[in-house]
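Chain by chain, the residues:
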Amino acid sequence: MGWGRPQGMWQWVPFVTVGAIERNLAMCHRALCNTITIQLLLASVQRRQQHRDRSWWDKRGTFQHGLEKEDANPDITRPTVIITPTHSMAKTKASAPNLDFFGERVVSHPNEVPDFVRNMHQRLVSGAPPDDRMFMDILRLAEAHPADVAVTLLRCAPSCDRAATIMWRTIASSGTAVDKVLPTLLCVLEDWPLHRMSTSDGDKTRVFALAATKVVWEILRLPWCPAPFMEYSPRLLVALLFQVFVSTLDMPQEVDTFWKECQEQHGLAISPNRFAVQTLKALFRHLRCLDLLVAMERKRGWDTLLCADTHHHAVGLLAREMHRTSNPLCSCIALRLLGLLSTQEAHWDLPALAFLVEVLECHEMREWSDSALEIISRCLQCKSREKRRLALRGLVVLSKDLSVAEGIRSMTPSLMALLQDADGEVVALILSVFLNELQNRATLISSPTALQLAGALRPLFDKDNSHVQLLSIRLFQEVMELVMEEGKKPLKKHVSKSLLPLFFHCHDENQQVAEAAWKTLLCATKFMKRRRLKQLVRKGQLWKFAEVLLAQDESRAAEYLHQALPYLQNPQEPLRAAAIRFMGIAGRLLRGQKKELQLIYKSLENMVDDSSPAIGNLAVQTQYIVQAIERARYSIFENLQGQLRRAWRTRPRLLGLRWLRCCSSAGN
């Protein structure tokens, strides 16, 4: 393989089992609680020491050569150093204050920990041979003073040089040590761009969040993943996703300078946000989420994650893929995000909400529905359109949960206000929430709410969104069926005004909309107790329905005419044709009403040049029919009027003749 195999304390092994690595790296740690094992180990090491034929400097050169090769290609897993103890463990003395090798403490006072860690790092940097006592001291310090060890090491080696890598990987070899150090690493990683934490010696120097990411990356490059990483994986995943986002938006000068130094030292040719994505992928590999990685790659999710404007879409995609594969991390991450969104200072609320919405259907999330509803209710008040849309998507899911029915019902006024939104998707989501509330619970609707809903729904029948049309028509039917008894009479006015729009939508090109309109029209005639109209609708005799409607409501013929006019401009050809035919029927009942007839003539004349020749021809035919009806009516009237006019003109002469006759009779 080209890797040297020096005899003695250090051995380079390019391919070795995970069990062997863990046993060798943790050997010194176990020795602290097993003196007999240590003694046997010393005897073995003394025998090995007799065969050492290379100096430490030769071995250090080999070590450096290996690290340089792996730094040139960060995707290659580094060969693991197997540490074998030597007799030097009983001879070497640390420069920092500490107790005997078999003592209980490494330092005499906690405020000596930072100095001890710095000295230990400096020894490794200077080339001094790292004996086994040093590694055990690292582990003991990490277990006793995890925050001081982690923060000090991040300060003295923020770019995680070779010496720091040895120390971090030594800590990673002990489950207990890494379990205690990892929370501090996560605190640093989550606090962009710099984390302030005071160590026991009073040092308050801030630490780069990217330095913690580099440490996590180095640990994840080991052939095995420490058990605490599994336990903390939800928090770690959220922290890395947050860092991808925030490092894309905000890159302070001092962080940029630090990262350039890291690039020069380690040969990293990627930006901080891409490095965070690379670390994220490495964590998913250790978690054995291979299907997830493939799906995100195929759908270009990782590239989408790197753009600030589309980051939340990628987080939502990640959540969907995790939910699709029934990944147990879904609910764990969601609970973590619930905690973040519950704070008023959430800096990553849009992506967090995008993830949460996708996994609300998980069975494990049901007990947290109240918390989710509280967050969603707050997000509905935001000015961000995208945030409101995501909140409504989550509300649609929660509206199927009986446990939050009262909470959603209390949001009715704010949802009603949002029905005026021009965004069709937002309106459709609100309608879905209302439908779920009514259909799943069969709850009676109070009179004020029914009136308010009916008034808001009628204009939505003609929305330029078929999904909104479908939902609004269905919801209107639910309102008629579930309104309380005292609310039926006030509601009749709204239902009466809905008859003609529902009639037109029975001719809709969308079969679902047409069917929903027919069912709702049938329900409306029943609600209005219009038996004749109800029979015609049930039999599908819609044009006969229009004639009877106009005949029974002759006084409202002009009102129906004005309701029908907008449908002449409808983009759907069947609806335009229905409106023209209705004009012809209305024209027969509006004879003598010059203003309304002129309106019909003008409207039909404008339709002659319609983009559809069939519609143009129908408009011409209807125009002729209306004119013929009006002409026939006027011909009878004009004959009678002519006779009366002639009689009036001859009236003076007739009176004169009568006077002469009277005079003649008197003379005789």
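As the structure is a prediction and not an experimental result, all values here were calculated from the model.

## Regarding the overall build of the protein chain
- Broken down by element type, the protein chain carries 35 helices and 4 strands.
- Relative to its 668 residues, the protein chain shows a buried fraction of 53%.
- Partitioning the intrachain contacts of the protein chain with sequence separation of at least 6 by distance along the chain shows that 70% fall at a separation of at least 24.

## Looking at the nonpolar core
- Ranked by size, the top nonpolar core spans 206 residues in total, and within it W168, L395, F503 and F582 carry the most contacts.
- Among residues more than four places away in sequence, those in contact with W168 are A150, L153, L154, C160, V181, L185 and V215.

## Focus: the packing of helix α12 (residues 233-249) against helix α14 (residues 272-286)
- At a minimum axis separation of 8 Å, α12 and α14 run at an interaxial angle of 160°. The angle between α12 and α14 places the two elements in the roughly antiparallel class. Seen from above, α12 lies across α14 with left-handed handedness. Residues S233, L236, L237, L240, L241, Q243, V244, S247 and T248 of α12 touch α14, and the partners they reach there are P272, N273, A276, V277, T279, L280, L283 and F284.
- Here the contact of α12 with α14 is built from residues that sort into 11 nonpolar, 6 polar and no charged.

## Some points on the environment of D464
- With respect to the secondary-structure elements, D464 resides in the loop between α25 (447-457) and α26 (466-482).
- The exposure class of D464 is exposed, given its relative accessible area of 74%.
- Sequence separation between D464 and G424 is 40 residues, and the spatial gap between their C-alpha atoms is 8.2 Å.

## Here's the deal with helix α8 (residues 162-172)
- Burial analysis of α8 places 10 of its 11 residues in the buried class, which makes it a mostly covered element.
- Within α8, the full set of buried residues consists of A163, A164, T165, I166, M167, W168, R169, T170, I171 and A172.

## A word on the packing of helix α18 (residues 329-342) against helix α20 (residues 369-379)
- One can describe the packing of α18 onto α20 by two numbers: an axis separation of 10 Å at closest approach and a directional angle of 45°. Comparing the axis directions of α18 and α20 gives the class oblique. Pair α18 / α20 crosses with left-handed handedness. When α18 is examined against α20, the residues L338, L341 and S342 are found in contact with a partner set consisting of S371, A372, I375 and R378.
- Its residues assigned to classes, the contact of α18 with α20 shows 4 nonpolar, 2 polar and 1 charged.

## Examining the confidence of the model for the protein chain
- Overall, the prediction assigns the protein chain a mean pLDDT of 81, with 78% of residues at 70 or greater.
- Contacts of residues 1-104 to residues separated by more than four positions or lying in other chains number 169 contacts, the stretch itself having pLDDT below 50.

## A look at unusual backbone geometry
- Cis geometry marks the peptide bond from W192 to P193; its omega dihedral reads -5°.
- Inspection of the secondary structure assignment puts P193 in the loop between α9 (175-190) and β3 (194-195).
- Non-glycine residue R288 carries a positive phi angle of around 60°.
- Accessibility expressed as a relative area gives 74% for R288, which makes it exposed.

So, how was this worked out
- Residues numbered from 1 in each chain as written.
- Predicted model: local features only at pLDDT ≥ 70, side-chain atom pairs only at ≥ 80, totals over all residues.
- Heavy atoms only, no water.
- Helix = DSSP H or I, 4+ residues; strand = E, 2+ residues; numbered from the N terminus.
- Buried < 20%, exposed > 50% of the residue type's maximum accessible area, 1.4 Å probe, protein only.
- Contact = heavy atoms within 4.5 Å.
- Core = buried A, V, L, I, M, F, W, Y, C linked by side-chain atoms within 4.5 Å.
- Axes fitted to C-alpha atoms, helices over the stretch in contact; angles between N-to-C directions.
- Parallel < 35°, antiparallel > 145°, perpendicular 65-115°, else oblique.
- Left-handed = near helix turned anticlockwise from the far one by under 90°.
- Nonpolar A, V, L, I, M, F, W, Y, C, P; charged D, E, K, R; others polar.
- pLDDT = per-residue confidence, 0-100.

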